[in-house]
Amino acid sequence: MEQLITLGSWQILCDPDENREIYQQIAGSDADICTCAGCRRFSQIRDEVYPQEFRNILEQLGIDHKKEAEVVTFGEPGQIPMSGWFNFVGKACGGLNEVRKLANTFEIILEESFTMAQKEFGNKPLLTIEWHWFPRELIDKEKARLNKKVSIWSKLFGHKFSAVETLVLEAVGGLLTITWKEIYDYQLSRVNKIQRHANDKEVNLYCVEFGKVVPLPESDMLPNIKTEYPLASVSIVDSQTNVEIKAIVWVATRRIFSINFDKSPNSLSRNISVSKAKLLTDLSSGESSTDHLKDFVLPQDYLDLVRNGDTTINGWQVLAPINTRIVVQEEKNLCILAIRNESAYIGVHEGDQTGGLFLIDFETDEEAQLGNSLLLALTK
């Protein structure tokens, strides 16, 4: 029978008995089938790798912990796998893409199923639990590497970023797996120029030499999911004034590029803390959410137009929600829904409950109200 299962911040609607029946039909794990030395060793020590809490979570969902969909080695040939995932039938009602740390050496992520689903699941709606294991010797090696850099973050935040920017960037770093966090930290350590706009609501990060952006090695770049994508959202609360502001950290051309705030951070006191942090894009699977748009009221006819993705009408490129862009403004930020030849765009303002559309001229930045129908605006 289908039931709502709460596991910390995760809320999952599923039928554990259905999953158990499917797992009984699955012959075995990817690790048991593979003949490499690393997978053979993993099969022997699986119960030592998985914390008891993780096995309990799998059991609650009806997942056989000895039947992974896939296990992955990112190191040398023959190395024991340090990542993998399990698929199961279910629907996420909360906590999607949120990382849970079960121990110093183990973390898990709830995701929409993205690949390698066993044939026994058929076409059923699936979720995935991805896991990452960091052996103690790997963690010690990572700590030693960071210590040699004399603490990237203390040097970085000591003179570059404001207190609220520091909180945001640290919170996002805490959401990433060790592999991606190493690249994230390195990119931020290279920042040597910061541009702030719109009363510090937009913070752009650069590494430049002689007026040009310094190229980074391929190994130090984030995945090429899209030219621009939101990495994570962070909410900051001021306990002195009860003001809450939200920030989105964006990736552009595979680098950490900007922090966008919904309100100016300059009015905050020193009594600030992180109230919530959430990944918006999974760097491993490339899956992205549109949670950063929840404060924008999107016209229904716009949603109907882009039901199957981006489209073009009368020379206007209409962007699906996942491809929209946010323009930071001093008053209310703007979500761009349609662009015409990089000369004009149409969008909605953040927090505007009327969902009113505005036409903005690239050259003059002048705004004109267009009503609430995007289709009507595009066909005028």
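Only a predicted model underlies this, so the values are computations on that prediction, with no experimental measurement involved.

## Describing the overall build of the protein chain
Thought 1: Per the secondary structure count, the protein chain includes 10 helices and 23 strands.
Thought 2: Partitioning the contacts of the protein chain with sequence separation of at least 6, the portion at a separation of at least 24 is 59%.
Thought 3: Roughly 18800 Å² of accessible area belongs to the protein chain as shown, and the carbon and sulfur atoms make up 49% of that amount.

## Section: the confidence of the model for the protein chain
Thought 1: Looking at the protein chain, pLDDT values average 84 and 90% of them are 70 or higher.
Thought 2: The secondary structure element of the protein chain with the lowest average pLDDT is helix H6 (residues 152-159), at 44, and the one with the highest is helix H1 (residues 16-25), at 96.
Thought 3: Contacts of residues 145-159 to residues separated by more than four positions or lying in other chains number 21 contacts, the stretch itself having pLDDT below 50.

## Some thoughts on the side chain of Asn 204
Thought 1: As for its position among the elements, Asn 204 is in strand S10 (residues 202-206).
Thought 2: In this structure the side chain of Asn 204 is engaged in a polar contact, spanning 3.3 Å, whose partner is the side chain of Glu 202.
Thought 3: Leave out the neighbours within four places in its chain, and Asn 204 touches Lys 193, Ile 194, Gln 195, His 197, Phe 257 and Ser 258.

## Re the packing of helix H7 (residues 163-173) against helix H8 (residues 178-189)
Thought 1: Direction vectors running N to C along H7 and H8 enclose 155°, while the axes themselves pass 10 Å from each other. One way to sum up the angle between H7 and H8 is to call them roughly antiparallel. Of the residues in H8, those touching H7 at Leu 169, Val 172 and Gly 173 are Lys 181, Tyr 184 and Leu 188.
Thought 2: Class assignment of the residues belonging to the contact of H7 with H8 gives a composition of 4 nonpolar, 1 polar and 1 charged.

## A few points about the pattern of salt bridges
Thought 1: Per the counting criterion, the structure on display carries 15 salt bridges.
Thought 2: When the shortest N-O distance is used, the salt bridge between Glu 59 and Arg 20 registers 3.4 Å. Of the two residues, Glu 59 is situated in helix H4 (residues 52-61) and Arg 20 in helix H1; the sequence distance between them amounts to 39 residues.
Thought 3: The shortest N-O distance in the salt bridge between Lys 246 and Asp 295 comes to 3.2 Å. Residue Lys 246 is found in strand S14 (residues 243-252), and its partner Asp 295 is found in the loop between strand S16 (272-279) and helix H9 (300-305); the two are separated by 49 residues along the sequence.
Thought 4: Residue class for Lys 246 comes out partly exposed when judged on its relative accessible area of 27%.
Thought 5: By relative accessible area, which is 26% here, Asp 295 ends up partly exposed.

## Describing the packing of aromatic side chains
Aromatic ring pairs are described here by two measures, namely the spacing of the ring centres and the angle between the planes.
Thought 1: Across all of its chains, the model carries 11 aromatic pairs by this definition.
Thought 2: Between Phe 42 and Trp 131, the aromatic rings sit 5.7 Å apart at their centres with planes inclined by 5°, giving stacked as the arrangement. Residue Phe 42 is found in helix H3 (residues 37-49), and its partner Trp 131 is found in strand S8 (residues 126-133); the two are separated by 89 residues along the sequence. Residue Phe 42 shares its accessibility class with Trp 131, and that shared class is buried.
Thought 3: Cluster of aromatic residues (ring-pair linked, three or more members): Phe 42, Tyr 50, Phe 54, Phe 86, Phe 106 and Trp 131.

## Considering the environment of Lys 276
Thought 1: Note that Lys 276 resides in strand S16.
Thought 2: In this structure the C-alpha to C-alpha distance between Lys 276 and Val 237, which are 39 residues apart in sequence, comes to 9.2 Å.
Thought 3: Beyond its immediate sequence surroundings of up to four residues, Lys 276 is in contact with Ser 233, Val 234 and Ser 235.

## Topic: H1
Thought 1: Within H1 the residues assigned to the buried category are Pro 16, Asn 19, Ile 22 and Tyr 23. When H1 is viewed along its axis, its buried side chains cluster within an angular range of 120° and face the same direction. With respect to the buried face of H1, the exposed residues turned more than 90 degrees away are Gln 24 and Gln 25.
Thought 2: Looking at the buried positions of H1, the neighbouring elements they touch are strand S1 (3-7), strand S2 (10-14), H4 and strand S4 (83-89).
Thought 3: One side-chain oxygen at the N-terminal end of H1 lies 3.1 Å from the backbone nitrogen of Asp 17; it belongs to Asp 15.

## Structural notes on the sheet that holds strand S5 (residues 91-94)
Thought 1: What the 3 strands build is an open sheet, ordered S1-S2-S5; its pairing is antiparallel. Each edge of the open sheet is held by one strand with a lone partner, namely S1 and S5. Going from strand to strand, the sheet's axes swing by 30° on average, the running direction of each strand aside.
Thought 2: Where S2 and S5 come together, 3 bridges link them in antiparallel fashion. Residue Gln 11 lies in a different strand from S5, and its bridge partner there is Gly 94.
Thought 3: Across the face of the sheet, H4 comes into contact with S1 and S2 while running at roughly 170° to S1.

## Regarding empty space enclosed by the protein
Thought 1: Considering all chains together, one arrives at 1 cavity of 30 Å³ or more under this definition.
Thought 2: If you add up the space inside the largest cavity, you get close to 90 Å³.
Thought 3: Contributing to the lining of the largest cavity are Asn 97, Val 99, Ile 109, Leu 175, Leu 176, Thr 177, Trp 180, Leu 279, Thr 281, Asp 282, Leu 283 and Ser 284.
Thought 4: The class makeup of the residues in the lining of the largest cavity is 7 nonpolar, 4 polar and 1 charged.

## Things to note about the packing of H1 against H4
Thought 1: Running from amino to carboxyl end, H1 crosses H4 at an angle of 100°, the nearest separation of the two axes being 7 Å. With respect to their mutual orientation, H1 and H4 come out roughly perpendicular. Of the residues in H4, those touching H1 at Pro 16, Asn 19 and Arg 20 are Glu 59, Gln 60 and Leu 61.
Thought 2: Its residues assigned to classes, the contact of H1 with H4 comprises 2 nonpolar, 2 polar and 2 charged.

Definitions and limits used
- Residues numbered from 1 in each chain as written.
- Predicted model: local features only at pLDDT ≥ 70, side-chain atom pairs only at ≥ 80, totals over all residues.
- Heavy atoms only, no water.
- Helix = DSSP H or I, 4+ residues; strand = E, 2+ residues; numbered from the N terminus.
- Contact = heavy atoms within 4.5 Å.
- Areas by Shrake-Rupley, 256 points an atom, 1.4 Å probe, with all protein chains shown as cover.
- pLDDT = per-residue confidence, 0-100.
- Polar contact = N/O pair within 3.5 Å; in protein donor to acceptor, adjacent residues only side chain to side chain.
- Axes fitted to C-alpha atoms, helices over the stretch in contact; angles between N-to-C directions.
- Parallel < 35°, antiparallel > 145°, perpendicular 65-115°, else oblique.
- Nonpolar A, V, L, I, M, F, W, Y, C, P; charged D, E, K, R; others polar.
- Salt bridge = Lys/Arg side-chain N within 4 Å of Asp/Glu carboxyl O.
- Buried < 20%, exposed > 50% of the residue type's maximum accessible area, 1.4 Å probe, protein only.
- Phe/Tyr/Trp six-rings, centres within 6.5 Å; stacked < 30°, edge-to-face > 60°.
- Arc of directions from axis to C-beta.
- Pairing = 2+ DSSP bridges.
- 1 Å grid on protein atoms, 1.4 Å probe; cavity = no way out; pocket = protein on both sides within 12 Å on 5 of 7 lines; lining within 4 Å.
- Points joined across faces, edges and corners; volume = space filled by probe spheres on them.

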